[in-house]
Amino acid sequence: CTLYCSHFGVPVRIARPFTFIGPYQDLDSGFAVTDFLRDGLRGCPLRVWGDGTTIRSYYYAADCVVALLKVLLEAPIGRCYNVGSDEALSILAVAHKVVAALGVPLEIIVAQQPDPGALPARYTPDISRGQHELGLKVWTDFDDALRRTVDWFRQMSR
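A. Inspection of the overall build of the chain at higher detail. Each helix and strand counted, the chain has six helices and nine strands in total. When its C-alpha atoms are laid out on the principal axes, the chain stretches across 55 × 45 × 25 Å. Buried residues in the chain amount to 38% of all 158 residues. Partitioning the intrachain contacts of the chain with sequence separation of at least 6 by distance along the chain shows that 84% fall at a separation of at least 24. Here the chain has roughly 9,100 Å² of accessible surface; of this, 55% comes from carbon and sulfur atoms.

Following this line, the structure appears as structure tokens:
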């Protein structure tokens, strides 16, 4: 995109969205948080397929929409922005938070033991450019985003 911008004058603005959470997600998409929500809403155990140490962040869908619009309408041409949250959580912590948000006792099954010498994989964006240049922020923290998402899915299942 940036090559086309500089070479052909195509006015691009680039957003790199990271993982998000919110209503309308496909609970069979195969991502950890959606799998946890699907299984938890069905009253099934939550399964962590790895060791649970992988670090991720989740951006609330409504916050993502606002950020994408700000990038589209306000970003300088040719500039790239990470769109997401920098609130880092392990997959195991996410599973525990899903259980707490559902308010029902559910078993969490972790498939592997962590390797004590290994650093966990980390998938959290550096969002400082968007914060400083466009005023992007995490308006909804993970716990609130999760609560809103659980409430939405519960209302949809009625």
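B. Fine view of the sheet that holds strand β7 (residues 89-90). With respect to topology, three strands assemble into an open sheet ordered β7-β4-β9, the strand pairing being mixed. Strand pairing shows two members of the sheet lacking a second neighbour, β7 and β9 (122-123), which therefore form its edges. In terms of strand pairing, strand β4 (residues 55-56) meets β9 through two bridges, oriented parallel. Across the sheet, the residue bridging to I55 is R122, located in β9.

C. Structural detail: the nonpolar core. Counting 24 residues, the largest nonpolar core has F36, L46, V94 and V98 as its most contacted members. If you list the elements that add at least two residues to this core, you get α2 (32-41), β3 (46-48), α4 (91-102) and α6 (142-156). For V98, the contacting residues outside a window of four places in its chain are F36, L37, L46 and L146. Within the second largest apolar cluster, nine residues are counted, among which are Y59, V71, A75 and L134.

D. Representation of the side chain of D63 in the model. Among the structural elements, D63 can be located in helix α3 (residues 61-74). Buried charge without a salt bridge: D63, with R148 as the nearest opposite-charge side chain at an N-O distance of 5.9 Å. A polar atom in the side chain of D63 sits 3.2 Å from the backbone nitrogen of W139. A distance of 2.7 Å separates the side chain of D63 from the backbone nitrogen of T140, its partner in a polar contact. If sequence neighbours within four positions are ignored, D63 has contacts with V138, W139 and T140.

E. Quick peek at the layout of surface pockets. Of the voids in this model, the largest pocket is the one considered here, and its volume is about 380 Å³. Taken together, 20 residues line the largest pocket, and the ones lying closest to its centre are F31, A32, R56, Y58 and I91. Contributions of two or more residues to the lining of the largest pocket are made by α2 and β3. Per element, the largest residue contribution to the lining of the largest pocket is five residues, and it comes from α2. Here the lining of the largest pocket is composed, by residue class, of nine nonpolar, seven polar and four charged.

F. Up close: α6. Over its 15 residues, α6 runs 21 Å from end to end, which matches the ideal 21 Å to within 8%, given 1.5 Å per residue. Of the residues making up α6, those classed as buried are F142, A145, L146, T149, V150, W152 and F153. One side of α6 carries all its buried residues, which in axial view fall inside an arc of 160°. Looking at the buried residues of α6, the elements they touch are β2 (20-21), α2, β5 (59-60), β7 and α4.

G. Highlighting the pattern of salt bridges. Applying the stated criterion to the full structure yields nine salt bridges. A salt bridge links R38 to D39, with the shortest nitrogen-to-oxygen separation between them at 2.9 Å. Its relative accessible area of 17% is what places R38 among the buried residues. Salt-bridge contacts for K97 lead to D143; the nearest nitrogen and oxygen are separated by 2.9 Å. In this pair, K97 sits in helix α4 while D143 sits in helix α6, placing the two residues 46 residues apart along the sequence.

Thresholds, definitions, all that
Residues numbered from 1 in each chain as written. Predicted model: local features only at pLDDT ≥ 70, side-chain atom pairs only at ≥ 80, totals over all residues. Heavy atoms only, no water. Helix = DSSP H or I, 4+ residues; strand = E, 2+ residues; numbered from the N terminus. Buried < 20%, exposed > 50% of the residue type's maximum accessible area, 1.4 Å probe, protein only. Contact = heavy atoms within 4.5 Å. Areas by Shrake-Rupley, 256 points an atom, 1.4 Å probe, with all protein chains shown as cover. Pairing = 2+ DSSP bridges. Core = buried A, V, L, I, M, F, W, Y, C linked by side-chain atoms within 4.5 Å. Lys, Arg positive; Asp, Glu negative; His and termini not counted. Salt bridge = Lys/Arg side-chain N within 4 Å of Asp/Glu carboxyl O. Polar contact = N/O pair within 3.5 Å; in protein donor to acceptor, adjacent residues only side chain to side chain. 1 Å grid on protein atoms, 1.4 Å probe; cavity = no way out; pocket = protein on both sides within 12 Å on 5 of 7 lines; lining within 4 Å. Points joined across faces, edges and corners; volume = space filled by probe spheres on them. Nonpolar A, V, L, I, M, F, W, Y, C, P; charged D, E, K, R; others polar. Expected span 1.5 Å × (residues − 1). Arc of directions from axis to C-beta.

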